[in-house]
Amino acid sequence: MNRRTVLVGASAIGLVAFGGGAFVVNTRRQADADARAAAAPPVDAALLVRPYSPSFGPADAPVTLVEFFDPSCEACRAYHPVIKEILRLFPDQVRVVLRYTLFHEGSDEAARILEAARMQGKFEPVLDALFEEQPGWAVHGAPEMDVAWEIAGNAGLDLDRAETDKLFPGITGTINQDMADVEALDIRQTPTFFLNGKRLENFSAESLIADVRFAVENA
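Residues numbered from 1 in each chain as written. Predicted model: local features only at pLDDT ≥ 70, side-chain atom pairs only at ≥ 80, totals over all residues. Heavy atoms only, no water.

K.L.:
Explain the overall build of the protein chain to me, using residue names and the numbers behind them.
P.N.:
Counting secondary structure elements, the protein chain contains nine helices and eight strands. Per-residue burial for the protein chain yields a buried fraction of 48% across its 219 residues. Restricting to contacts in the protein chain with at least 6 residues of sequence separation, those with at least 24 account for 77%. (Helix = DSSP H or I, 4+ residues; strand = E, 2+ residues; numbered from the N terminus. Buried < 20%, exposed > 50% of the residue type's maximum accessible area, 1.4 Å probe, protein only. Contact = heavy atoms within 4.5 Å.)

Shown next as structure tokens:
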């Protein structure tokens with residue numbers, strides 16, 4: 001069992017890897033989660049979740065976690081198994097909504113790959129594959145998008161269809177609206193999380209799970 005720690009700003013993410021996956025252990029105190037939730041101001045809900053936004057979990061879940069993410073972002077890759085663990089822990093109580101925050105070169109194309117995959121019902125496996133193999137394609141300053149497409153194809157994406165679908169005006173509209181919301185919310189780093197409408201600050205893998213657990217228990 002290998003342990004790795006990734007630093008994101010001032011936060012450390014402890015991940016325990018096993019069998020190609022990962023999980024995190026929640027040791028945050030509930031009082032900390034309560035204090036953070038009370039201190040964070042709510043934002044306009046319309047800027048957080050759009051009708052088209054990809055999501056996991058029940059649409060009527062009492063807790064909504066919105067992640068503004070960049071497919072090329074190393075920290076987003078590190079948090080991906082944390083999000084999957086949250087969905088495993090709270091399958092009926094939490095909905096996770098994803099918003100594109102495309103700060104890196106090549107990320108626009110990666111978002112188009114994901115949206116083309118969503119049109120084929122392959123969003124989750126392609127997302128998992130792009131994050132899993134991110135070091136092979138998301139080279140900062142010189143992204144290898146042909147490799148990203150190959151990874152998506154290996155995850156089940158029909159590449160011939162996707163090459164056409166990626167130019168669909170609806171995909172361009174999704175990307176443009178997400179980036180407009182990113183600007184309106186003054187999001188400057190990825191990932192950025194909002195829990196039931198409140199921005200989470202200075203989070204870690206452990207505190208994120210603790211905050212979600214607190215929200216579920218108090219929903």
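K.L.:
Run through the packing of helix H3 (residues 74–89) against helix H5 (residues 123–132), naming residues and quoting values.
P.N.:
Two elements in contact, H3 and H5, have axes separated by 9 Å at closest approach and are oriented at 135°. Between H3 and H5, the angle is such that the two are oblique. Crossing geometry of H3 relative to H5 is assigned as left-handed. Two secondary-structure elements touch here, H3 through Cys76, Arg77, His80 and Lys84 and H5 through Glu124, Leu127, Asp128, Phe131 and Glu132. (Axes fitted to C-alpha atoms, helices over the stretch in contact; angles between N-to-C directions. Parallel < 35°, antiparallel > 145°, perpendicular 65-115°, else oblique. Left-handed = near helix turned anticlockwise from the far one by under 90°.)

K.L.:
Before we move on, can you summarise a negative patch on the surface with the specific residues and values?
P.N.:
A surface patch of like charges, here negative, comprises Glu132, Glu133, Glu144, Asp146 and Glu150. Mapped onto the elements, Glu132 comes out in helix H5. (Patch = residues over 30% accessible without salt bridge, like charges linked within 9 Å, V, L, I, M, F, W, Y side chains within 5 Å. Areas by Shrake-Rupley, 256 points an atom, 1.4 Å probe, with all protein chains shown as cover. Salt bridge = Lys/Arg side-chain N within 4 Å of Asp/Glu carboxyl O. Lys, Arg positive; Asp, Glu negative; His and termini not counted. Charge placed at Lys NZ, Arg CZ, Asp CG, Glu CD.)

K.L.:
Report on the pairing of strand S6 (residues 94–100), specifying residues and quantitative values.
P.N.:
Burial runs high along S6: seven of the seven residues are buried. Across two bridges, strand S4 (residues 55–56) lies against S6 in antiparallel orientation. Counted as the bridge partner of Phe56 is Val96 from S6. Direction of pairing for strand S5 (residues 63–69) relative to S6: parallel, over a ladder of seven bridges. Residue pairing across strands places Phe69 opposite Tyr100, the latter belonging to S6. In the classification by handedness, the crossover that spans S5, the intervening H3 and the parallel S6 is right-handed. (Pairing = 2+ DSSP bridges. Right-handed = clockwise from strand over helix to strand, strands pointing away.)

K.L.:
Run through the pairing of S5, naming residues and quoting values.
P.N.:
Counting buried residues along S5, seven of its seven residues qualify, which places the element largely inside the surrounding structure. Here S5 shows no split at all, with Val63, Leu65, Glu67 and Phe69 on one side and Thr64, Val66 and Phe68 on the other all buried. Looking at chain direction, S5 and strand S7 (residues 192–195) are connected through four bridges and run antiparallel. For Phe68, the partnering residue across the bridge sits in S7 and is Thr192.

K.L.:
If you had to explain the state of the cysteines to someone new, which residues and values would you point to?
P.N.:
One pass over the full model with this rule turns up zero disulfides. Summary of cysteine pairing: Cys73 is not part of a disulfide, and the nearest cysteine sulfur, belonging to Cys76, is at 3.2 Å. (Disulfide = S-S within 2.5 Å.)

K.L.:
Go over unusual backbone geometry with me, naming the residues and quoting the values.
P.N.:
Peptide bonds are, in most cases, trans, and in most cases residues other than glycine have a negative phi. Here Thr190 and Pro191 are connected by a cis peptide whose omega angle stands at -5°. Among the structural elements, Pro191 can be located in the loop between helix H8 (169–184) and S7. Of note in the backbone geometry, Asp186 takes a positive phi value of approximately 55° without being a glycine. Assessed through its relative accessible area of 43%, Asp186 is described here as partly exposed.

K.L.:
Could you give me a rundown of the packing of helix H4 (residues 107–119) against H5, with the residues and numbers involved?
P.N.:
Two numbers describe how H4 lies on H5: the axes approach to 8 Å, and their chain directions differ by 150°. It follows from the interaxial angle that H4 and H5 lie roughly antiparallel. Contacts between H4 and H5 involve Ala110, Ile113, Leu114, Glu115, Ala117 and Arg118 on the former and, on the latter, Phe123, Val126, Leu127 and Leu130. Split by residue class, the contact of H4 with H5 holds eight nonpolar, no polar and two charged. (Nonpolar A, V, L, I, M, F, W, Y, C, P; charged D, E, K, R; others polar.)

K.L.:
Explain the environment of Gly121 to me, using residue names and the numbers behind them.
P.N.:
As for its placement among the helices and strands, Gly121 is situated in the loop between H4 and H5. Taking the C-alpha atoms as reference points, Gly121 and Gly156, 35 residues apart in sequence, are found 9.7 Å from one another.

K.L.:
Can you tell me about the environment of Lys84, naming the residues and giving the values?
P.N.:
When you line up the elements, Lys84 lands in helix H3. Lys84 sits twelve residues away from Val96 along the chain, and the two C-alpha atoms are 9.5 Å apart.

K.L.:
I'd like a description of H3, backed by residues and values.
P.N.:
The end-to-end C-alpha distance of H3 is 24 Å, a good match for the 22 Å that 16 residues give at a rise of 1.5 Å each. Its maximal kink placed at His80, H3 deviates by approximately 30°, while the proline Pro81 follows within four residues. Burial in H3 covers these residues: Ala75, Cys76, Ala78, Tyr79, His80, Pro81, Val82, Ile83, Glu85, Ile86 and Leu87. (Expected span 1.5 Å × (residues − 1). Bend = angle between axes of the 7 residues up to and from the residue.)

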